[in-house]
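Chain residues, written in single-letter form:
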Amino acid sequence: MTEIKDYTQGKITWCAGCGDFSILNAVKRAFVELNIQPENLAFTSGIGCSSKISYWTKAYGFSGLHGRGLQLALGAKLANRNLTVFSAAGDGDLLGEGVNHLIHTARKNIDVTLILHNNQVYGLTTGQKSPTSEKGFITISTPKGVVEDPLNPLLLALTSGSTFIARCFAGDLNHITKIIAEGIKHKGFSFIEILQPCVTYNYLNTYDYWKERCYDLQQNKYDFTNKEEAFKKMHEYGKKMPVGIFYKINKPSYEELFKQTKIPSYKHNIDNINIDKLFEEFR
Amino acid sequence: MVEINKLALKIGGEAGYGIMGIGLIFAKLCMRSGLYAFMSHDYPSLIRGGHNTSHIRVEDNIVTSHIDTCDLLIALNKETIDLHKNELTLNGGIIYDGEEDKIANAEIRNDIRLFAVPLMKISREISGERILRNTIALGASVALFDIDLELLFNILKENFNKKGEKTVKMNIDAARKGYEFIKNNYKKEFRNKIVKKERKNLILLTGNEAISIAAIKAGLKFHCQYPMTPSSQILTYLSSKADDYGIVVLQLEDEISVINTALGASWTGARSMVATSGGGFCLMSEAFGLAGMVELPLVIIMGQRGGPATGLPTKSAQGDLQFVLHAAQGEFPRIVLAPGDVEECFDLTLEAFNLADKLQNPVLILHDVYLANNGKVIDLPNIQYSVDRGKIAKDEQLDSVKDYKRYEYNNNDCVVLRSLPGQKNGLYSCGSDEHDEYGQISEDPENRIKMMERRMRKLEYAKELIGNKMTKLHGSIDADITIIGWGSMKGRILEAMKYFEKDNIKVNFLQIISMSPFPVDIVNEILRKAGFIIIAEENFSGQLSGLITEHTTIEIKNKLLKYNGVPFSPSEIYDKIKSMYKK
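Here is a short report on the structure shown in this document. All of these numbers come straight from a predicted model, not from anything done at the bench.

### What about the interface of chain B and chain A?
On the side of chain A, 55 residues touch chain B, which itself brings 70 residues to the contact. With both chains or domains summed, chain B and chain A bury close to 5100 Å², and 64% of this area falls on carbon and sulfur atoms. For the pair chain B and chain A, the number of links is one salt bridge. In this structure, the salt-bridge partner of B:K241 is A:E281, at a minimum N-O distance of 2.8 Å. Counting residues per element, the ones that place at least two in the side of chain B that touches chain A are α1 (19–32), β9 (202–206), α7 (207–217), α8 (232–245), β11 (248–251), α9 (255–267), α10 (278–294) and β17 (429–431) of chain B. Considering every element that reaches the side of chain B that touches chain A, the biggest residue donor is α9(B), with eight residues. Residues that form the side of chain B that touches chain A fall into these classes: 37 nonpolar, 18 polar and 15 charged. As paired strands, strand β2 (residues 60–63) of chain A and β17(B) are joined by three bridges and run parallel to one another. Residue A:G61 lies in a different strand from β17(B), and its bridge partner there is B:S429.

Laid out in structure tokens, this is it:
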């Protein structure tokens, strides 16, 4: 069995009190729970405070470009489906810079688990608005307050075709651990939004703010295979915020649709590939 | 005098008339008659309407380029005659529909022979529609050139088999009717004639096809792409072979996704490739740098067309050389190779996969519309290839390493042992930040120097690996004129060189293939000894010329530049160089 320390590395530079700490903890605990060997774990991310999580997890980590971490995961899973492929992104990263990739990767239903660290503000660039900032939220780039309505990540994931959609709150370590483990176990594209306070730049959406609002969907009768129900619940945003699994269905995952992915690409024998047949068509 | 086994045919008409299809069949027909051919197309960026042409040159020796004349013109509309009648050689001919397109005698030079074939009428008789006019005209041309009609029937069968027996039969009937019409109505011999040669092992390939097949041979396992002229054919060809050769081929949402996904696959050890054009490569640029930073192999096929922006989407150009040499922020070893013909597209693609693995770095192949789309009959390549995946770690190797460092400083070797996800003792962070030996973020100035220096040393190593493939000198070292060129200019410069023979002017041609690393020594050596130097490029500013000056301080004063979307022809190159040449 693996232990937390098997996944621990690096000198962490997040602000004290940052929600990312509990997310990192939960991620490692989920890996322990599922006994995923670090060498079989491909952990990709983009750029931003949250994306540093792949540097600070002992595994095969790939911290790529802003908004593009999910594409690294797509390529990795298709080329070696034996790996557990996990990806982390921030709200600016996934919903600003790389939002098109979320749409197109979700609809493929590739067996990748994606966590969205949603702190509703840009941290690493020192406090500008993000695509999920609430209307009226004052930042250094929006001195009169954010003008647009925030993007709803869960709805986007649902309409794009994710087959597992959940939300957690960074203040509830046990719940995130459980949901992440569920997400990894789910065969297909798992989308997990984590509401994460930014103690330095987000004065509005604090720990207390979310504690007051969050309630667990699974504590009441709720059918997460019902898309319309999920759609309704995802619109619940305000005084009460549901967390838990919103949607979960079974559907063949993308990599299984390619017979060439059965064996990891690097294991194919590529010495002396015969191409005589190919030339025949051009004679 | 009838010319044997040397001819040029042009087919013209509106887009959607099957101009290219017929051009391809004619080129194959000549190949199966044991001859070499070069097939070029000119088409606008639309699907129907607009003027399309296909030009096929046939000879008994390898044909390296198009020319701007033709001996026979197949005109599927009147516009084709108006636009191209002056390209006809002495005693050339026009096949046209005498009932549909009226030609006044005064319009046409009186040495030209007119072959009025009722294309529409015959087509309607066979099919009730107009769709067979191209095949009828093709049959007519086969009669004029005296080509074996059975050969044509065979190709038509292969070509239309998928569309069913009825289509095959209609096309064969159409070809026969066209053939017979000429044989019955025009008895006098035409100016060119094909006499079958016993030459086997010829194949007809475009640059894109050569690249695709070579990639398969090299062990390509992962290809993704977003369609864009002139590289789309690579995606469609590889898609059709994906299952047979165990390749994951994906069409993704944009080029940013394409290159990042390919890097994800490369990270886990798949030989990976992407293909695009200038606009798409703009989107890929950031991740081009990422590949250099995290030291992952990737082959990038970058097909040039007229820019900037949408530019001239279907027209050939060489305007992206300086762009690819500087694409992405910061400094990393950019490896850029420019093949000059179909054979080099094949060779360099094979090479690129080994290079990328050995260097743990992206390798970019730069071609263009002319090279990507035009077909050339070549001898079947004699392939001597062995896959070399460089320093990919074996499990045992990692077991013996106590403290694995993916990005070890290593003063002796610029390339470090590379583990793949899944391997037990090879964990590391593959990080786009500047990193330490383990891949962890580091802004330490000393570390930065060591990392930069090791990565940049790959350029020298690449020089060693590419070796004598960096340049080619065509012709003898001592010459009156030295022409410098690159990419698809090769075939046309080689053809132009032949024209100088009769003038008793000695010409050689320095072809630059490796743009980065740049072959400084050899270029210096050749140019410092050269007489009259002239560079020919299809761009506005002389991008290779600038590159040569940058590396050698030699200034190339004579530049032959073209950027109007119409490819240089060999005679144009010859005429212009001759007028500029001073002893």
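### As for the side chain of A:N202
Residue and element names in this part refer to chain A. Within the secondary structure, N202 sits in the loop between β6 (190–195) and α7 (207–213). For N202, a relative accessible area of 5% puts it in the buried group. Polar contacts involving the side chain of N202 include one to the main-chain carbonyl oxygen of N119, which spans 3.0 Å. Those residues within four positions of N202 in sequence are excluded, and the remaining contacts are N119, Q120, V121 and F137.

### Let's talk about empty space enclosed by the protein
Left-over empty space is what a probe sized like a water molecule reveals as it rolls over the atoms. Residues and elements named next belong to chain B. This structure, assessed with the given rule, holds five cavities of 30 Å³ or more. For the largest cavity, the calculated volume is near 80 Å³. Residue lining of the largest cavity: F38, T64, G340, D341, V342, Y370, L371, N374, K376, S488 and G491, and that is the complete set. Of the residues that constitute the lining of the largest cavity, the class distribution is four nonpolar, five polar and two charged.

### Side note on the nonpolar core
Among the nonpolar cores identified, the biggest contains 98 residues, and A:F191, B:M515, B:L544 and B:I548 are the most heavily contacted of them. Non-local contacts of B:I548, meaning those with residues more than four positions away in its chain, are made with B:I484, B:I512, B:F518, B:V523, B:L527, B:I535, B:T553, B:I554 and B:I556. Ranked by size, the runner-up nonpolar core spans 59 residues in total, among them B:F153, B:V168, B:Y179 and B:F190.

### Some remarks on the layout of surface pockets
Residue and element names in this part refer to chain B. Taken as a whole, the largest pocket holds about 970 Å³ of empty space. Every residue lining the largest pocket is counted, 31 residues in all, and those nearest its centre are G21, L24, K28, E158 and N159. Residues of the lining of the largest pocket, tallied by class, amount to 12 nonpolar, 12 polar and seven charged. H41, D42, H66, V566 and P567 are the residues nearest the centre of the second largest pocket, which is lined by 25 residues in total. Sorting the residues of the lining of the second largest pocket by element identifies β3 (36–42), β4 (51–59) and α13 (369–373) as the ones contributing at least two each.

### What to know about the pattern of salt bridges
Residues and elements named next belong to chain B. Scanning all chains against the criterion turns up 59 salt bridges over all chains. Its salt-bridge partner being E198, residue K200 comes within 3.2 Å of it at the nearest N-O pair. Accessibility assignment for this pair places K200 and E198 in one class, exposed. Residues K498 and E495 are paired through a salt bridge, measuring 3.3 Å at the closest nitrogen-oxygen approach. Here E495 and K498 lie together in helix α17 (residues 489–500), a separation of three residues that amounts to about one turn. For K498, a relative accessible area of 39% translates into the label partly exposed. E495 sits in the buried class, given a relative accessible area of 5%. Residues joined by salt bridges that share partners form a network here, namely D341, E343, E344, K376, K472 and K490.

Reading guide: rules and limits
- Residues numbered from 1 in each chain as written.
- Chains lettered and ligands numbered in written order.
- Predicted model: local features only at pLDDT ≥ 70, side-chain atom pairs only at ≥ 80, totals over all residues.
- Heavy atoms only, no water.
- Contact = heavy atoms within 4.5 Å.
- Buried area = accessible area lost by both parts, 1.4 Å probe.
- Salt bridge = Lys/Arg side-chain N within 4 Å of Asp/Glu carboxyl O.
- Helix = DSSP H or I, 4+ residues; strand = E, 2+ residues; numbered from the N terminus.
- Nonpolar A, V, L, I, M, F, W, Y, C, P; charged D, E, K, R; others polar.
- Pairing = 2+ DSSP bridges.
- Buried < 20%, exposed > 50% of the residue type's maximum accessible area, 1.4 Å probe, protein only.
- Polar contact = N/O pair within 3.5 Å; in protein donor to acceptor, adjacent residues only side chain to side chain.
- 1 Å grid on protein atoms, 1.4 Å probe; cavity = no way out; pocket = protein on both sides within 12 Å on 5 of 7 lines; lining within 4 Å.
- Points joined across faces, edges and corners; volume = space filled by probe spheres on them.
- Core = buried A, V, L, I, M, F, W, Y, C linked by side-chain atoms within 4.5 Å.

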